[in-house]
Amino acid sequence: MKKKNIFLGIVLGGLLVMNNMAGAYSVRTPDGKMPLVHWAVLVSQPGRLPEMQVLAGKYVAPYAGKEEGTYALYGGTDKADPDVMRLLEVYRDKAAYEQHLRIRLSQCILRQDGLY
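Residues numbered from 1 in each chain as written. Predicted model: local features only at pLDDT ≥ 70, side-chain atom pairs only at ≥ 80, totals over all residues. Heavy atoms only, no water.

Draft legend 1. Examining helix H4 (residues 94-103) more closely. For H4, the full list of buried residues reads Ala96, Tyr97 and His100. Within H4, the buried residues cover an arc of 100° as seen down the axis, which keeps them to one side. Relative to its buried face, H4 has exposed residues pointing more than 90 degrees away, namely Lys94 and Arg102. On its buried side, H4 packs onto strand E1 (36-43), helix H3 (61-64), strand E2 (70-77) and strand E3 (84-91). The opening residue of H4 is Asp93, an N-cap whose side-chain oxygen sits 3.3 Å from the backbone nitrogen of Ala95. (Buried < 20%, exposed > 50% of the residue type's maximum accessible area, 1.4 Å probe, protein only. Helix = DSSP H or I, 4+ residues; strand = E, 2+ residues; numbered from the N terminus. Arc of directions from axis to C-beta. Contact = heavy atoms within 4.5 Å. Polar contact = N/O pair within 3.5 Å; in protein donor to acceptor, adjacent residues only side chain to side chain.)

Draft legend 2. Molecular detail of the pattern of salt bridges. Taken as a whole and judged by the stated rule, the model has 5 salt bridges. A salt bridge links Lys94 to Glu98; the nearest nitrogen and oxygen atoms lie 3.9 Å apart. In this pair, Lys94 and Glu98 are both assigned in helix H4, 4 residues apart and thus about one turn of the helix distant. Judged by relative accessible area, which is 55%, Lys94 ranks as exposed. Three or more residues are tied together by salt bridges with common partners; here these are Glu68, Arg92 and Asp93. (Salt bridge = Lys/Arg side-chain N within 4 Å of Asp/Glu carboxyl O.)

Draft legend 3. Examining the environment of Arg86 more closely. Along the polypeptide, Arg86 turns up in strand E3. Between the alpha carbons of Arg86 and Gly75 there is a distance of 5.6 Å; along the sequence they are 11 residues apart. Setting aside its immediate chain neighbours within four residues, Arg86 contacts Trp39, Ala40, Val41, Tyr74, Gly75, Gly76 and Asp78. Here the side chain of Arg86 touches Asp78 through a polar contact of 2.7 Å, side chain to side chain.

Structure below.
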């Protein structure tokens, strides 16, 4: 039992040292709170993702860049399925995320065009 405790102590100590060496820390908003992180998966009609990306660039990007509580929007196309795009979105809080959804004009446009 004593050997197990010593081993566990060494492992936990090593993890703490590695954590400090890696400089890992929690991401916080300027006011010290945790941001809201959203992982979105968009699926277009077959072969129409490029059109959806053009519309998003035209209608989402300019507005998202001006939204006070939107910190970042990163997107990428799935290599295995070119009709799938994954987005990592970071917002100040839930209210900022909801505001982004309300003013996302392209959502209506994309649906009307039948792109997804």
